[in-house]
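A structural walkthrough
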Amino acid sequence: MRRSTVFRVLIFGTLAALILPSTALADFIRDDGTLAPGIPGSVAVDTLWVIVAGALVMFMQAGFAFLEIGFSRGKNAGTVVAKILTNFSIAGLCYWAVGFAFAFGAGSVIGHHGFFLQGFGDPLKAFPVMGLSDATVESKWFFQFVFCAVSLAIVWGTTLERIKFGVYIIYAVVFASIIYPIGSHWVFGGGFLQTGDWLGTGIVGMQDFAGSTAVHLIGATGAFAALLLLGPRKGKYDGAGKPRAIPGHNMPLFGLGVLILWLGWFGFNPGSALNASDGRFPEILLVTQLAGCAGVLAAIATAYWRTKAIDIGMAGNGAIAALVAITAPSGYVELWAAPIIGAVAGVIVVLGVYAIDKYLDDPVGALSAHGLAGIWGTISCGFFTSPRFAKYNAFGDPNGGLFYSGSPKQLIAQVVGFSIAFTFVFVMSFGTFWAIKKVYGLRVTGEEEDAGLDISEHGMYGYPEQFIPIPELVGYGAAPHVATPATAAAAPVTTTQEVTA
C-alpha cells in the first residue's frame, strides 16, 4: 500500500473515531452543543466501546457463515449466505420494534416499555438492569441486538442441508420478537431469575454475565426443538441405525469461521460490561482467551484418546465450547478458574458430539458446543464465582460460589435458572416448529435434498463450476476440459464434479 493511501486511511479512521461518540450523544446534547446537566463525561468513551464491542459481535455472523459452509456439502454452500443475511435483517427489525423492550424494560416476567426505542423517558434510567452503564440507549440496543442475532444463528446449525428456506423467516420473527427477548429477560435482563427470591422461594439471583444460557443455550434449545421435528439428512443412518459420516466440503473455511467467532468473543464478553471507564474489560478479555486456549487442547486430547487422530472439527468445536462456557462466568471469576472451565468444556463437547450423533443428526455439533457447554458454563458460576466480582455485579450470592463460600446457594440458583429457561424456550420453539410443519412444512423434498438447496431453493449454485454441465459453462475458462467424441451426442451430460471425482 502506498504511503499516501496509508495516510488517507489513518485520517479517515481518526475522523470516524471523533465523529462516532458525537453521533451517539444525540440524546444528551443541548442545542448549544454542550452536554445536558447531570450527564457524566464518561458517556462518550463508554458509548464508543459498546459500539466497537457490538461490531465485533456482529462480525460473528461471518464466522457462523464460514463454519456452516465448511461443514456443508458443496451443493448447499450458497444457501447459508442467504440465510445469514435474511435472519440478521429480520432480527434487527423485530428487536427494534418489540424485542429490546421485552428483554430489558422494567418487569419481572416481561419488559413493558421502550418499544421502537420510544417513550422511555430519561435515557440513563430507561432500562434498569443496564443503569450502571453510561453508554447511550442506542449503543446498548445495538449491542443487545447482535446478541439476539447470534442466538438466532445458533438455531440453524443443526438443520443444515434439508430445511425449507421459508422456515428461517417464520421462526426468526417469533424468535426475535418473543422467545429470545422473554427468555433473556428472565436470565440477564432484570427478570425474576436474575433478581432472585421469586415467589418467596429464597433462591438467590442467577448469574449469567454475557449469556451462556441467555444467548447460547437459548439458541441451542431452539435448534434441539427443530431437529426433533425435522429428522436427519438422507443417508445419515444405515439400515441398522448406525450413523455415517457426511463430511463437510471445506475445513479451511470452517477453521476461518472458528477464528472469526473467537475474535467476536472479545466483544461478546468484555463488551457485556457495557462501559470502558471502570477498566474491567481487559481482565474479562483475558479470562475469555485463557478458557478458549484450554478448550482447544482439551478437545484435541479427548478426540485423540477416542479415535487416535487429531480431529480438525473437534479442535474448532473445542474452542467454541470453551468460549461458550466462559461466557456466563467471564465477569464473575478469577483468572485461575478460566482454564479449568474451558478445559472441562473441551472434554464435554467431544464426548457430547459422539453421544448425540448416535441419535440426532447435528452437522455442526451445535447441541454440544452451545447447549451442553452453555449448561456447564452456567453451572460453573455456582462453583467459581469470586466474592469480589459477585458484589460488583450485584446479582447472586455476595459470598461467591461453592469453592469460596462453602454454600450451594449459587449452584442451586444456576441449575434452577437454566432449567426454567430451557423449558420455556423448548416449549415455545417446539410449538412454533410444529405449527410450521403442519401448515407450511419443514423439509424440502427428497429430490430437492439430493440436488442441493442452492439450486432447489435459490436457483443458483454456490460453486457453479462444480455442478453446472460443461456445455453450459460459458466463460468459465478454468473449467476442466473433456474431449467429447461426435458419437457421444446421446451420452449422459458430464459435469465438472464428475470429471474431477
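As a reminder, the structure under discussion sits directly above these lines.
A brief report on the enclosed structure follows. (Residues numbered from 1 in each chain as written. Predicted model: local features only at pLDDT ≥ 70, side-chain atom pairs only at ≥ 80, totals over all residues. Heavy atoms only, no water.)

Quick word on the overall build of the protein
Within the protein one finds 19 helices and 0 strands. Going through the 501 residues of the protein one by one, you find that 53% of them count as buried. Here the analysis covers contacts within the protein between residues at least 6 apart in sequence; of these, 75% occur between residues at least 24 apart. Element-wise, carbon and sulfur atoms account for 69% of the exposed surface of the protein, whose accessible area totals about 20700 Å². (Helix = DSSP H or I, 4+ residues; strand = E, 2+ residues; numbered from the N terminus. Buried < 20%, exposed > 50% of the residue type's maximum accessible area, 1.4 Å probe, protein only. Contact = heavy atoms within 4.5 Å. Areas by Shrake-Rupley, 256 points an atom, 1.4 Å probe, with all protein chains shown as cover.)

Considerations on the environment of R73
Among the secondary structure elements, R73 is positioned in the loop between α2 (43-71) and α3 (77-104). C-alpha separation for the pair R73 and N250, spaced 177 residues apart in sequence, amounts to 8.2 Å. Residues within four places of R73 in sequence aside, it is in contact with E161, R233, I246, P247 and H249.

A closer look at the layout of surface pockets
Space inside the largest pocket adds up to approximately 660 Å³. Around the largest pocket, the lining comprises 25 residues; the ones closest to its centre are F71, A245, D311, V353 and P363. Contributing elements (two or more residues each) for the lining of the largest pocket: α10 (312-327) and α11 (337-356). Tallied by class, the residues present in the lining of the largest pocket amount to 13 nonpolar, 5 polar and 7 charged. Roughly 460 Å³ of internal volume is contained in the second largest pocket. Surrounding the second largest pocket, 23 residues form its lining, V129, F209, S272, A273 and N393 being those nearest its centre. Of all the secondary structure elements, the ones that give two or more residues to the lining of the second largest pocket are α4 (137-155) and α13 (387-393). Per-element accounting of the lining of the second largest pocket gives the leading share, 3 residues, to α4. (1 Å grid on protein atoms, 1.4 Å probe; cavity = no way out; pocket = protein on both sides within 12 Å on 5 of 7 lines; lining within 4 Å. Points joined across faces, edges and corners; volume = space filled by probe spheres on them. Nonpolar A, V, L, I, M, F, W, Y, C, P; charged D, E, K, R; others polar.)

What about the side chain of S177?
By secondary structure assignment, the location of S177 is in helix α5 (residues 165-188). Among the polar contacts made by the side chain of S177, one reaches the main-chain carbonyl oxygen of V173 at a distance of 2.8 Å. (Polar contact = N/O pair within 3.5 Å; in protein donor to acceptor, adjacent residues only side chain to side chain.)

Considerations on unusual backbone geometry
Phi is positive for L199, close to 55°, though the residue is something other than glycine. Inspection of the secondary structure puts L199 in the loop between α6 (192-195) and α7 (212-230). Classification of L199 as exposed rests on a relative accessible area of 81%. Of note in the backbone geometry, A394 takes a positive phi value of approximately 75° without being a glycine. Note that A394 resides in the loop between α13 and α14 (402-405).

Some remarks on empty space enclosed by the protein
If a probe the size of a water molecule is rolled over the atoms, the empty space left behind becomes visible. Taken as a whole and judged by the stated rule, the model has 3 cavities of 30 Å³ or more. In this structure, the largest cavity spans a volume of roughly 90 Å³. When contributions to the lining of the largest cavity are tallied by element, the ones reaching two or more residues are α2, α4, α10 and α12 (366-384). Looking at the lining of the largest cavity, its residues break down into 9 nonpolar, 3 polar and 1 charged.

Some thoughts on the packing of α4 against α5
The N-to-C vectors of α4 and α5 enclose an angle of 115°; their axes lie 10 Å apart at closest approach. The two elements α4 and α5 cross, and the hand of that crossing is right-handed. Facing Q144, F147, C148, S151, L152 and V155 of α4, the residues of α5 in contact are Y171, A172, F175, A176, Y180 and F188. A class-by-class count of the residues in the contact of α4 with α5 yields 10 nonpolar, 2 polar and no charged. (Axes fitted to C-alpha atoms, helices over the stretch in contact; angles between N-to-C directions. Left-handed = near helix turned anticlockwise from the far one by under 90°.)

Brief notes about the pattern of salt bridges
A full pass over the atoms with the stated rule returns 10 salt bridges. Between D361 and R233 there is a salt bridge whose closest N-O contact spans 2.8 Å. A residue pair is termed long-range when its members are at least 10 positions apart, and D361 in the loop between α11 and α12 and R233 in the loop between α7 and α8 (251-268) qualify at 128 residues. Pair check on accessibility: D361 and R233 agree, each one buried. (Salt bridge = Lys/Arg side-chain N within 4 Å of Asp/Glu carboxyl O.)

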